[in-house]
Amino acid sequence: MTIRVAVVGAAGRMGSTVCQAVEDAEGLELVARLDVGDALDAEHLGGAQVAVDFTVPDVTEANVHALIDAGLDVVVGTTGWTSESYDRIREHLERPEASGRSVLIAPNFALSAVLAMGFAAKAARYFESAEVIELHHPGKVDAPSGTAVATATAMAAAREQAGLGPSPDATEQDPHGARGAVIEGIHVHAVRLRGLTAHEEIVLGNPGEQLTIRTDSFDRASFMPGVVLAVREVGSRQGLTIGLEALLDL
Ligand SMILES: NC(=O)C1=CN([C@@H]2O[C@H](COP(=O)(O)OP(=O)(O)OC[C@H]3O[C@@H](n4cnc5c(N)ncnc54)[C@H](OP(=O)(O)O)[C@@H]3O)[C@@H](O)[C@H]2O)C=CC1
Ligand SMILES: O=C(O)C1=N[C@H](C(=O)O)C[C@H](O)C1
């Protein structure tokens, strides 16, 4: 059976790549390309069953609520989500009028990134020191990346569960913010550099040793198998799913 798909943010770097991937995928039909100024209503959604949102952090949550109200299942790659915005989507999906609708939100659809996040969470409890460095193209509007936030959050949870305290750090003066953002106690550094696409390095240290976990998306093609898988699977899930790992047998 064919799944009819609408792409929101279709003119963007990811949206345009997703449109092509949907057109190339067996069993998927691209029925709508929407971007800024297009209403998310029946007229513009072209009978789509699943919408894919790659827009901007400021609008993605409102888009998802509108798409649920329009009767679609939704796959979201846009970043900027928080535990509060996830909760609002969960609440919306529990309303009787949203019965049967499902949403999958993933900060990163590349297999290498999903694995790197998993490896980092597994390793976190074994190292005194842990930091995250994310490196992206200079057109990116948010920092740190959604992937880095998810990585740090999962590592912090693993460290807390293992009873680890803060990483050692004698810094007393940092007037320029050189130690980066601190997410759940993990320092996260963001690099923006012409020529890059999407990269992340997780560094973990113990006396006399270091573990480096690195993922590189050199091309947006790296995200497409994950997006296509999510489009195919979202309709058979219940409620809100966070992370592509929920669909993979890792
Ligand atoms: N989960 C994943 O695997 C990945 C996630 N991302 C995330 O995806 C998002 C998009 O990234 P990218 O494609 O590089 O960004 P772009 O800026 O290239 O694309 C965003 C598109 O959304 C459009 N847009 C803005 N507001 C709306 C709106 N209200 N309704 C519909 N369309 C709108 C923009 O239009 P305009 O330019 O006119 O404002 C633009 O065409 C980011 O949050 C990024 O972090 C990126 C790569 C992988
Ligand atoms: O903006 C991007 O390009 C990317 N955004 C996502 C993020 O913020 O984690 C995923 C990937 O890093 C590419």
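Residues numbered from 1 in each chain as written. Chains lettered and ligands numbered in written order. Predicted model: local features only at pLDDT ≥ 70, side-chain atom pairs only at ≥ 80, totals over all residues. Heavy atoms only, no water.

S.K.: Got a sec to walk through the nonpolar core? Specific residues and values, please.
M.R.: If you look at soluble globular proteins, the nonpolar side chains tend to sit buried side by side. Counting 32 residues, the largest nonpolar core has Val5, Val18, Leu28, Val52, Val75, Phe109 and Val231 as the members making the most contacts within it. Lining this core are residues from two domains, each supplying at least three of them: domain 1 (3-105 + 221-247) and domain 2 (111-218). In contact with Val231, not counting residues within four places along its chain, are Ile3, Val5, Leu28, Val50, Val52 and Val75. The next biggest cluster of nonpolar side chains, apart from the first, holds 22 residues, and it includes Ala32, Val76, Ile89 and Leu93. (Core = buried A, V, L, I, M, F, W, Y, C linked by side-chain atoms within 4.5 Å. Buried < 20%, exposed > 50% of the residue type's maximum accessible area, 1.4 Å probe, protein only. Domains from an automatic or database assignment. Contact = heavy atoms within 4.5 Å.)

S.K.: Describe in detail the packing of aromatic side chains, supporting the description with residues and values.
M.R.: Here the structure, examined in full by the defined rule, presents 2 aromatic pairs. Plain terms: the ring middles of Trp81 and Tyr86 are 6.0 Å apart, the flat faces sit at 10° to each other, and that makes the pair stacked. (Phe/Tyr/Trp six-rings, centres within 6.5 Å; stacked < 30°, edge-to-face > 60°.)

S.K.: Give me the lowdown on the site of ligand 2, citing residues and values where you can.
M.R.: Taken together, Thr79, Pro107, Asn108, His136, His137, Lys140, Ser145, Gly146, Thr147, Ala198 and Phe223 make up all the residues around ligand 2. A distance of 2.9 Å separates an oxygen atom of ligand 2 from a polar atom in the side chain of His137. Lys140 has a polar side-chain atom sitting 2.7 Å from an oxygen atom of ligand 2. Contact with the protein chains covers 85% of the free accessible surface of ligand 2, which is 320 Å². Grouping the constituent residues of the shell around ligand 2 by class yields 3 nonpolar, 7 polar and 1 charged. (Near = heavy atom within 4 Å. Polar contact = N/O pair within 3.5 Å; in protein donor to acceptor, adjacent residues only side chain to side chain. Areas by Shrake-Rupley, 256 points an atom, 1.4 Å probe, with all protein chains shown as cover. Nonpolar A, V, L, I, M, F, W, Y, C, P; charged D, E, K, R; others polar.)

S.K.: Please give an account of the site of ligand 1 that cites residues and values.
M.R.: The local shell around ligand 1 holds 22 residues, among which Arg13, Met14, Thr79, Phe109 and Lys140 are the closest. Between ligand 1 and Ala106 there is a distance of 3.0 Å, counted from a nitrogen atom to a backbone nitrogen or oxygen. Between Pro107 and ligand 1, the recorded distance is 3.1 Å, taken from a backbone N or O atom to a nitrogen atom. The fraction of the free accessible surface of ligand 1 (920 Å²) that becomes covered by protein chains is 76%. The residue inventory of the shell around ligand 1, partitioned by class, reads 11 nonpolar, 7 polar and 4 charged.

S.K.: Any details on the packing of helix α3 (residues 57-69) against helix α4 (residues 83-94)? Residues and values, ideally.
M.R.: Each pair of packed helices can be summarised by the angle the axes make with each other and by the distance between the axes. Relative orientation of the contacting elements α3 and α4 amounts to 5°, with a least axis distance of 11 Å. Taken together, the axis directions place α3 and α4 in an arrangement best described as roughly parallel. Where α3 abuts α4, its residues Glu61, Val64, His65, Ile68 and Asp69 lie against Ser85, Arg88, Ile89, His92 and Leu93. In the contact of α3 with α4, the residues fall into 4 nonpolar, 3 polar and 3 charged. (Axes fitted to C-alpha atoms, helices over the stretch in contact; angles between N-to-C directions. Helix = DSSP H or I, 4+ residues; strand = E, 2+ residues; numbered from the N terminus. Parallel < 35°, antiparallel > 145°, perpendicular 65-115°, else oblique.)

S.K.: Which residues make up the domain arrangement of the chain, and what values do they have?
M.R.: Assigned domains of the chain: these are domain 1 (3-105 + 221-247) and domain 2 (111-218). Placing a centre on the C-alpha atoms of domain 1 and another on those of domain 2 gives a separation of 28 Å. Between domain 1 and domain 2, the contact holds 7 residues from the first and 10 residues from the second. Here domain 1 and domain 2 share an interface that buries about 630 Å² over both sides, 64% of which is from carbon and sulfur atoms. Across the domain 1-domain 2 interface, the total number found is 3 residue pairs in polar contact (both at pLDDT 80 or more). Each residue belonging to the side of domain 1 that touches domain 2 can be placed in one class, and the counts come to 3 nonpolar, 2 polar and 2 charged. (Buried area = accessible area lost by both parts, 1.4 Å probe.)

S.K.: Go over the pattern of salt bridges with me, naming the residues and quoting the values.
M.R.: In the structure shown here, the tally under the stated rule is 10 salt bridges. The salt bridge partner of Asp87 is Arg90, with a shortest N-O separation of 2.8 Å. You can see Asp87 and its partner Arg90 sitting in helix α4, 3 residues apart, about one turn around the helix. When its relative accessible area of 35% is taken as the criterion, Arg90 is described as partly exposed. In this structure, the salt-bridge partner of Glu134 is Arg192, at a minimum N-O distance of 2.6 Å. Taken as a pair, Glu134 in strand β6 (residues 129-136) and Arg192 in strand β8 (residues 186-192) lie far apart in primary sequence, 58 residues in all. Ionic contacts of the salt-bridge type, sharing partners, join the residues Glu131, Asp169 and Arg179 into one network. (Salt bridge = Lys/Arg side-chain N within 4 Å of Asp/Glu carboxyl O.)

S.K.: Residue-level account of the sheet that holds strand β7 (residues 181-183), with values.
M.R.: An order of β7-β8-β6-β9-β10 is seen for the 5 strands of this open sheet, with the pairing classed as mixed. The sheet is open, and its two edges are formed by β7 and β10 (209-217), each paired on a single side. Across the sheet, the axes of successive neighbouring strands diverge by a mean angle of 20°, strand direction being ignored. With 3 bridges connecting them, β7 and β8 associate as antiparallel partners. In the sheet register, Val182 faces β8, and the bridge partner there is His187. The sheet contacts of helix α5 (residues 111-123) involve β9 (198-206) and β10, and relative to β10 the element is tilted by about 160°. In this fold helix α6 (residues 146-161) packs onto β6, β7, β8 and β9, with an angle of close to 170° to the strand it touches most, β6. (Pairing = 2+ DSSP bridges.)

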